[in-house]
Amino acid sequence: MQHLITLADLSTTDVHRVFSLAEDLKAKYEQGLREPLLPGRVMALLFEKQSLRTRVSFEAGMTHLGGSTLFLGADTGFGKRESMADFGRVLSQYVDVIVIRAYKHATAVELAQHADDCCVINGLTDFAHPCQAMADLFTLRELFGTLAGRTLAWVGDANNVVRSLALGCGKLGVRLAMAVPEGYQWSDDEVAWIKQQVPELDLRITTDPAEAVADAAAIYTDVWASMGQEKQREQRKRDFAGYQVNAALMQRAQKGTVFMHCLPARRGEEVTDEVIDGPQSVVVRQAANRMHAQKGILAWLLGKVK
């Protein structure tokens, strides 16, 4: 059974196939068409964490494709009433795909190991956010066409989003330039794991945001303290104070550079209102493309299962 737990699960050919499907489905959507590629298919959303974009984009997307969705909350007893093995094996008898949004990556991995009869998609864990990265790279593809040889600059914490972007960038020939303060950069083991997955990745890590954005086609940031890191927020605000994406930093990039953020944003911290609401910002387009990219993922995954 094919799962999408990290982008290491997809080949470059797979990524292009998903993008092709997403592009076709988005074009039809904009013409008012909802092509029912997955009639009768059922998707379960198994969420431990709050969600706007992930939940609504998946639910709307599956409806467009002719399927249906079950949102499963705490009343299922997920992780409490029975073993993950029993839970996964049983749930996979009822549905065609499970989207899991979990605090710990190991939870998603374990579920996929036991969901014998359905696909599992990682809707976010502390380690990876593959659906976000797919939507982001699909957005850049729309904006710039060919991605190979372009630079994506990341300014901020070396978190789950940029870890997923690194895998996607490596598969598509995009250079990744990261500006991350000392103490928050990836360990040598983490870099080695990424390089093992995508040996071709051109990765540059610095502590200087201006250096990272110099040749960037896009500048990307995220909150400095993610869900589950609330107790670290004040310390992180101090440590990341020099990593705000503002007008001055945007001016250090080349003409035509766009601004990206996976949202939700803490305005006035990692990004200013002037930038996120400005003409270079593509954050709403990114959010909209979550639905289109995920429709491509669903059509690709479930199209392989007869």
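A quick note: this is a predicted structure, and the numbers were derived from the prediction, not measured.

A.B. asks: Is there a simple way to explain the overall build of the protein in this structure?
C.D. replies: Within the protein, the regular secondary structure consists of 12 helices and nine strands. Over its C-alpha atoms the protein spans a radius of gyration of 19 Å, differing by no more than 12% from the 19 Å that the globule rule assigns to 306 residues. In terms of overall dimensions, the protein has a C-alpha envelope of 55 × 45 × 35 Å along the principal axes. Residues counted as buried form 55% of the 306 residues belonging to the protein. Excluding contacts between residues fewer than 6 apart, the proportion of contacts in the protein whose partners are at least 24 apart in sequence is 76%.

A.B. asks: Explain the packing of helix H1 (residues 12–30) against helix H5 (residues 130–144) to me, please; I cannot follow it from the model alone.
C.D. replies: With their axes 11 Å apart at the nearest point, H1 and H5 run at an angle of 70° to one another. In this view, H1 runs roughly perpendicular relative to H5, as classed from their interaxial angle. H5 is crossed by H1, and the crossing has right-handed handedness. Note on element contacts: H5 touches H1 through Met134, Leu137, Phe138, Arg141 and Glu142, opposite Val15, Val18, Phe19, Ala22, Glu23 and Lys26. For the contact of H1 with H5, the class distribution of residues is seven nonpolar, no polar and four charged.

A.B. asks: Can you help me understand empty space enclosed by the protein in this one?
C.D. replies: Gaps left between atoms are located by rolling a probe of water-molecule size over the structure's atoms. Scanning the entire structure with this criterion turns up one cavity of 30 Å³ or more. Put simply, the largest cavity is a space of about 50 Å³. Lining the largest cavity are Leu140, Phe144, Leu147, Arg150, Thr151, Leu152, Val174, Ala217 and Ala218. Its residues placed into classes, the lining of the largest cavity shows seven nonpolar, one polar and one charged.

A.B. asks: I would appreciate a short explanation of the layout of surface pockets in the present structure.
C.D. replies: Its volume calculated, the largest pocket comes out at about 710 Å³. Lining of the largest pocket is provided by 34 residues; of these, Lys49, Leu124, Val223, Ser226 and Met227 occupy positions nearest its centre. Elements with a contribution of two residues or more to the lining of the largest pocket: helix H2 (53–64), helix H6 (160–172) and helix H9 (233–239). Residues that form the lining of the largest pocket fall into these classes: 12 nonpolar, 10 polar and 12 charged.

A.B. asks: Hey, could you run me through the packing of aromatic side chains in this one?
C.D. replies: Think of a pair of aromatic rings as described by two things: how far the centres are apart, and how the planes are tilted against each other in angle. Per the stated rule, a full pass over the model turns up eight aromatic pairs. Here a set of aromatic residues connected by ring pairs shows up, and it is made of Tyr184, Trp224, Phe240 and Tyr243. Looking at Arg55, its charged tip hangs above the ring of Phe71, at a distance of 3.6 Å from the centre.

A.B. asks: Looking at this structure, I do not really get helix H3 (residues 84–94). What am I missing?
C.D. replies: An α-helical turn contains 3.6 residues, so a residue and the one three or four places further along point in the same direction. Three or more residues of H3 are buried, namely Met84, Ala85, Phe87, Gly88, Leu91 and Ser92. The buried side chains of H3 occupy one side of the element, clustering within an arc of 165° when seen end-on. Across H3 from its buried face, at more than 90 degrees, point the exposed residues Gln93 and Tyr94. Residues of H3 that are buried sit in contact with strand E1 (42–47), strand E2 (68–72), strand E3 (97–101) and helix H4 (105–114).

A.B. asks: What's the story with the pairing of E2 in this structure? I'm lost.
C.D. replies: Every regular strand shows the same layout, with side chains that alternate between the two sheet faces. Pairing geometry for E1 and E2, over five bridges, is parallel. Within the sheet, the bridge partner assigned to Leu45 lies in E2 and is Phe71. For the segment spanning E1, H2 and E2, crossover handedness is right-handed.

A.B. asks: Explain the sheet that holds strand E4 (residues 119–124) to me, please; I cannot follow it from the model alone.
C.D. replies: Note on sheets: strands pair through backbone hydrogen bonds, and any given pair is parallel or antiparallel. Reading across from one edge, E2-E1-E3-E4 is the order of the four strands in this open sheet, with parallel pairing throughout. Each edge of the sheet is formed by a strand with only one pairing partner; in this case those strands are E2 and E4. If you compare each strand with its neighbour and ignore which way they point, the axes differ by 20° on average. In this structure, E1 lies alongside E3, joined through five bridges in parallel fashion. By the bridge assignment, Ala44 is partnered in E3 with Ile98. In the packing of helix H12 (residues 283–303) onto the sheet, the strands contacted are E1, E3 and E4, and the crossing angle to E4 comes to about 160°.

A.B. asks: I would appreciate a short explanation of the side chain of Asp14 in the present structure.
C.D. replies: One can find Asp14 in helix H1. Polar side-chain contacts of Asp14 include one of 2.9 Å to the backbone nitrogen of Ser11. Not counting the four nearest positions on each side in its chain, Asp14 is found in contact with Asp9 and Trp300.

A.B. asks: It is not clear to me how the nonpolar core should be interpreted in this structure. Could you clarify?
C.D. replies: One broad trend across soluble globular proteins is that nonpolar side chains are buried collectively. Counting residues in hydrophobic clusters, the biggest one holds 79 residues, and the most contacted among them are Ile121, Leu152, Leu176, Met178 and Ile219. When neighbours within four sequence positions are excluded, Leu176 is seen to be in contact with Leu152, Trp154, Val162, Ala166, Leu201, Asp202, Leu203 and Arg204. The next biggest cluster of nonpolar side chains, apart from the first, holds 19 residues, and it includes Ile5, Val42, Leu46 and Met84.

Rules and cut-offs
Within each chain, residue numbers correspond to sequence positions counted from 1 in written order. Side-chain atom pairs in this predicted model are given and counted only at pLDDT of 80 or more, local residue features only at pLDDT of at least 70, and totals for whole chains, interfaces and linings cover all residues. Hydrogens are left out, water is left out, and the side-chain values use all remaining heavy atoms of the structure. Helix and strand assignments come from DSSP, with helices taken as H or I runs of at least 4 residues and strands as E runs of at least 2, each series counted from the N terminus. Computation of the radius of gyration draws on C-alpha atoms, with the globule rule given as 2.2 Å multiplied by the number of residues to the power 0.38. Here the term buried applies to any residue with accessible area under 20% of the maximum for its type, exposed to any over 50%, and partly exposed to those in between, with areas from a 1.4 Å probe on protein chains only. It only takes one pair of heavy atoms within 4.5 Å for two residues to be counted as in contact. The axes used here are C-alpha line fits, helices contributing only the stretch in contact, and every angle between their N-to-C directions lies in the interval 0 to 180 degrees. Our angle categories are set so that under 35 degrees counts as roughly parallel, over 145 as roughly antiparallel, 65 to 115 as roughly perpendicular, and the remainder as oblique. For a crossing to be left-handed, the near helix must be turned anticlockwise from the far one by less than a right angle; the clockwise case is right-handed. Polarity classes work like this: nonpolar for Ala, Val, Leu, Ile, Met, Phe, Trp, Tyr, Cys and Pro, charged for Asp, Glu, Lys and Arg, and polar for all others, with Gly in that last group. Think of a 1 Å grid over the protein atoms and nothing else: a 1.4 Å probe that fits but is trapped marks a cavity, an open set flanked by protein within 12 Å on at least five of seven lines marks a pocket, and residues with an atom within 4 Å of a point count as lining. Grid points are joined across faces, edges and corners, and a volume is the space filled by probe spheres set on the points. For this analysis, a ring pair means two rings from Phe, Tyr or Trp (six-membered ring only for Trp) whose centres lie within 6.5 Å, classed as stacked if their planes differ by under 30 degrees, edge-to-face if by over 60, and tilted for the remaining angles. Any Lys NZ or Arg CZ found within 6 Å of a ring centre and within 35 degrees of that ring's normal is scored as a charge over the ring. The arc in question is formed by the directions pointing from the helix axis toward the C-beta atoms. At least two DSSP bridges between two strands are needed for those strands to be called paired. Classification remark: right-handed applies to a crossover when, strands pointing away from the viewer, the course from the first strand over the helix to the second runs clockwise. Polar contacts, as used here, are pairs of N or O atoms within 3.5 Å; protein pairs need one atom able to donate a hydrogen and one able to accept it. Residues neighboring in sequence count only if both atoms are side-chain atoms. To form a nonpolar core, buried Ala, Val, Leu, Ile, Met, Phe, Trp, Tyr and Cys residues must be joined to one another through side-chain atoms within 4.5 Å.

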